[in-house]
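# A structural walkthrough
This is what each chain is made of:
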Amino acid sequence: QMMACRHGDGQSWWLLKQASDTNMIYKFLFTADSVYGPYIQGFSEPHFTKWDVCGQAMFSADGTKYATTTLRAGKVFIADFDRCSGMLSNPKVVDIPLQLSQNPADSAERDSSAVGLCFSPNGRFLYVSGFFTVQQYDLQDSNPATAWTLLGGPDTTWQVFQRYDNIYPGPDG
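In short, a report on the structure.

Rules used throughout
Residues numbered from 1 in each chain as written. Predicted model: local features only at pLDDT ≥ 70, side-chain atom pairs only at ≥ 80, totals over all residues. Heavy atoms only, no water. Helix = DSSP H or I, 4+ residues; strand = E, 2+ residues; numbered from the N terminus. Rg over C-alpha atoms; globule rule 2.2 N^0.38 Å. Buried < 20%, exposed > 50% of the residue type's maximum accessible area, 1.4 Å probe, protein only. Contact = heavy atoms within 4.5 Å. Areas by Shrake-Rupley, 256 points an atom, 1.4 Å probe, with all protein chains shown as cover. Pairing = 2+ DSSP bridges. Axes fitted to C-alpha atoms, helices over the stretch in contact; angles between N-to-C directions. Disulfide = S-S within 2.5 Å. Salt bridge = Lys/Arg side-chain N within 4 Å of Asp/Glu carboxyl O. Polar contact = N/O pair within 3.5 Å; in protein donor to acceptor, adjacent residues only side chain to side chain. Core = buried A, V, L, I, M, F, W, Y, C linked by side-chain atoms within 4.5 Å.

## Regarding the overall build of the protein
Counting secondary structure elements, the protein contains 1 helix and 14 strands. Taken against the 2.2 N^0.38 rule, which gives 16 Å for 173 residues, the C-alpha radius of gyration of the protein at 17 Å falls within 12% of a compact globule. The 173 residues of the protein split such that 44% are buried. Across the protein, contacts joining residues at least 24 apart in sequence account for 40% of those joining residues at least 6 apart. Split by element, the accessible area of the protein, about 9300 Å² in all, is 52% carbon and sulfur.

## Thoughts on the sheet that holds strand β4 (residues 35-42)
Within a beta sheet, neighbouring strands are joined by backbone hydrogen bonds and run either parallel or antiparallel to one another. Pairing within the open sheet is antiparallel, and its 4 strands lie in the order β1-β2-β3-β4. Across the chains shown, the open sheet's two edge strands, defined by having one partner strand only, are β1 (2-6) and β4. The mean inter-strand angle of the sheet, taken between neighbouring strand axes irrespective of direction, is 20°. Taken together, the 6 bridges between strand β3 (residues 24-30) and β4 define a ladder with antiparallel strand orientation.

## Details of the state of the cysteines
Applying the stated criterion across every chain, the model contains 0 disulfides. For the unlinked cysteine C84, the closest cysteine sulfur is that of C5, found at 10 Å. Residue C84 is classed as exposed on the basis of its relative accessible area of 52%. Not engaged in a disulfide, the cysteine C118 finds its nearest cysteine sulfur in C5; these two sulfurs lie 14 Å apart. On the basis of relative accessibility, which here comes to 5%, the residue C118 falls in the buried class.

## A few points about the side chain of N23
Among the structural elements, N23 can be located in the loop between β2 (13-18) and β3. Those residues within four positions of N23 in sequence are excluded, and the remaining contacts are Q18, Q41, G42, F43, S44, E45, P46 and H47.

## Some remarks on the pattern of salt bridges
One pass over the full model with this rule turns up 3 salt bridges. With its nearest N and O atoms 2.6 Å apart, the salt bridge here joins D80 to K65. One end of the pair, D80, is in strand β7 (residues 75-81); the other, K65, is in strand β6 (residues 65-70), and 15 residues separate them in sequence. Judged by its relative accessible area of 25%, K65 is partly exposed.

## Re the side chain of S129
For S129, the position within the fold is in strand β12 (residues 125-129). According to the relative accessible area criterion, S129 is buried, its value standing at 0%. Here the side chain of S129 touches D165 through a polar contact of 2.6 Å, landing on its backbone oxygen. Residues within four places of S129 in sequence aside, it is in contact with A114, V115, G116, V134, Y164, D165 and I167.

## Let's talk about the nonpolar core
Among the nonpolar cores identified, the biggest contains 28 residues, and L16, Y66, V76, F81, L88 and L126 are the most heavily contacted of them. Per-element tally for this core: the top contributor is β7, with 5 residues. Membership of the second largest hydrophobic core comes to 7 residues, among which are L71, V115, F132 and F161.

## Some remarks on the environment of R83
Within the fold, R83 resides in the loop between β7 and β8 (88-95). Note on R83: relative accessible area 27%, which makes it partly exposed. Residues in contact with R83, not counting those within four places in the same chain, are C5, R6, H7, G8, W14, D62 and G63.

Shown next as structure tokens:
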């Protein structure tokens, strides 16, 4: 859960790293000749435990939004990001809906994992992958009942499905 974003000056880079077993985020500023930090910013939630080592952090394409999730948390942390100051603001924690995993041996099994996330090219949607599902969250929809859309489950038979993991935007967005 470490991700870089270009600084507002267009030359330097911010590097953000979710701390282990805490709700702190470490921030470093890389310039042409120096590294500054760590600058630490904490939030009341979510508290990721030491067992939540799998997960992903991501910036929106324009660098104004930051999100992170981790395997067992069942939540997504979303905040605005200031590319000049490196400050995160307007934090929001969103529960990820449980979806059926489509396990033929247990038709009631639900996918409670959260291992990857990625913003849409225009920054409106956040895609979240569990081991067996991919869901879309509409950042402009304030109603939790309608903000989430299940996009898909396993893309092949259960016996050969390898599970989903981290996700990234393609080179064309």
